[in-house]
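Chains, contacts and geometry: an overview
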Amino acid sequence: GVGAGGGGLVDFRGGGGGAGVAGGGWGGAGKTTLGRRLARALEVPFVDLDERVEEVAGLALGEIFEVHGEAGFHRFEAEALEGVLSQGERLVLAPGGSIVNAPGTFERLRETCRTVWLRATPEEHMSRVLAQGDARPMQNRPRAMEELTGLLAVREPLYGRCEVVVETSGREIEDVLGELVELVAAP
């Protein structure tokens, strides 16, 4: 199955007969796997916005937060998004799940891309992250599941502003990918 930790966004950049999809979420959300597969199916580039943020900042994500804090990260994120949009090409974009915490950047994304929320239960998200061998969400956090559920509750109304919601819990990746391809092909 595919887990989206409750918060995967997929954005598809469109315009002038083109198209763009943006999707994101926490680690294990499936946004990278689905994003890459969708881009391949559509024969367009795949862009991970967090990677572009690192390029703009000249720092790894963790260092950006340490040096500049969350506000600084969101400034770099806005700049990185504008850089991607200025290229004017069709693409599949995977922004980080916290983009919804930067209202101006999230609105810009919604104005320029077809946004898709890859929704899953917090339990499925956590199990997928752990299955990938990433125990970081649990390290030194005995209440990690409770924290994830709380964060989801706060973000759900924001993710719900995406143009499309795709349920991913308990579904195979091919099934979700097929639905995404159909959504992108729709007018």
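Structure: above.
All figures in this text were calculated on a predicted structure; none of them were measured in a lab. (Residues numbered from 1 in each chain as written. Predicted model: local features only at pLDDT ≥ 70, side-chain atom pairs only at ≥ 80, totals over all residues. Heavy atoms only, no water.)

**Section: the overall build of the protein chain**
When helices and strands are counted, the protein chain shows seven helices and six strands. When its helices and strands are written in sequence order, the protein chain yields β-β-α-β-α-α-β-α-β-α-α-β-α. Looking at the protein chain as a whole, 48% of its 187 residues qualify as buried. Looking at the protein chain alone, contacts between residues at least 24 apart form 73% of all its contacts between residues at least 6 apart. Approximately 8,700 Å² of the protein chain is accessible, and the part contributed by carbon and sulfur atoms is 51%. (Helix = DSSP H or I, 4+ residues; strand = E, 2+ residues; numbered from the N terminus. Buried < 20%, exposed > 50% of the residue type's maximum accessible area, 1.4 Å probe, protein only. Contact = heavy atoms within 4.5 Å. Areas by Shrake-Rupley, 256 points an atom, 1.4 Å probe, with all protein chains shown as cover.)

**Focus on the environment of aspartate 50**
Structurally, the position occupied by aspartate 50 is in helix 2 (residues 49–57). In this structure, aspartate 50 is in contact with Lys31, Leu61, Phe73, Ala94 and Gly96, ignoring residues within four places of it in sequence.

**Describing the nonpolar core**
If you look at the biggest cluster of nonpolar residues, it comprises 21 residues, and the most contacted ones within it are Leu49, Val53, Leu93 and Leu109. Elements with a minimum of two residues in this core: helix 2, helix 3 (61–86), strand 4 (91–94), helix 4 (103–112) and strand 5 (113–119). If one sorts the elements of this core by residue count, helix 3 sits on top with seven residues. If near-sequence neighbours (up to four positions away) are discounted, valine 53 is found in contact with Leu61, Ile64, Phe73, Phe76, Glu77 and Ala80. Core analysis: the next-biggest nonpolar cluster, separate from the first, contains 17 residues, Leu34, Phe46, Leu177 and Val184 among them. (Core = buried A, V, L, I, M, F, W, Y, C linked by side-chain atoms within 4.5 Å.)

**Focus on unusual backbone geometry**
One non-glycine residue, glutamate 43, lies in the positive phi region at around 60 degrees. Along the chain, glutamate 43 turns up in the loop between helix 1 (31–42) and strand 3 (46–48).

**Let's talk about the packing of helix 2 against helix 3**
Their axes nearest at 8 Å, the elements helix 2 and helix 3 cross at an angle of 105 degrees. Classified by the interaxial angle, the pair formed by helix 2 and helix 3 is roughly perpendicular. Seen from helix 2, the contacting residues are Leu49, Asp50, Arg52, Val53, Glu54, Val56 and Ala57; seen from helix 3, they are Leu61, Ile64, Phe73, Phe76, Glu77, Glu79, Ala80, Leu81 and Val84. Residue composition of the contact of helix 2 with helix 3, grouped by class: eleven nonpolar, no polar and five charged. (Axes fitted to C-alpha atoms, helices over the stretch in contact; angles between N-to-C directions. Parallel < 35°, antiparallel > 145°, perpendicular 65-115°, else oblique. Nonpolar A, V, L, I, M, F, W, Y, C, P; charged D, E, K, R; others polar.)

Treat this as a map of the structure, not an account of what it does.
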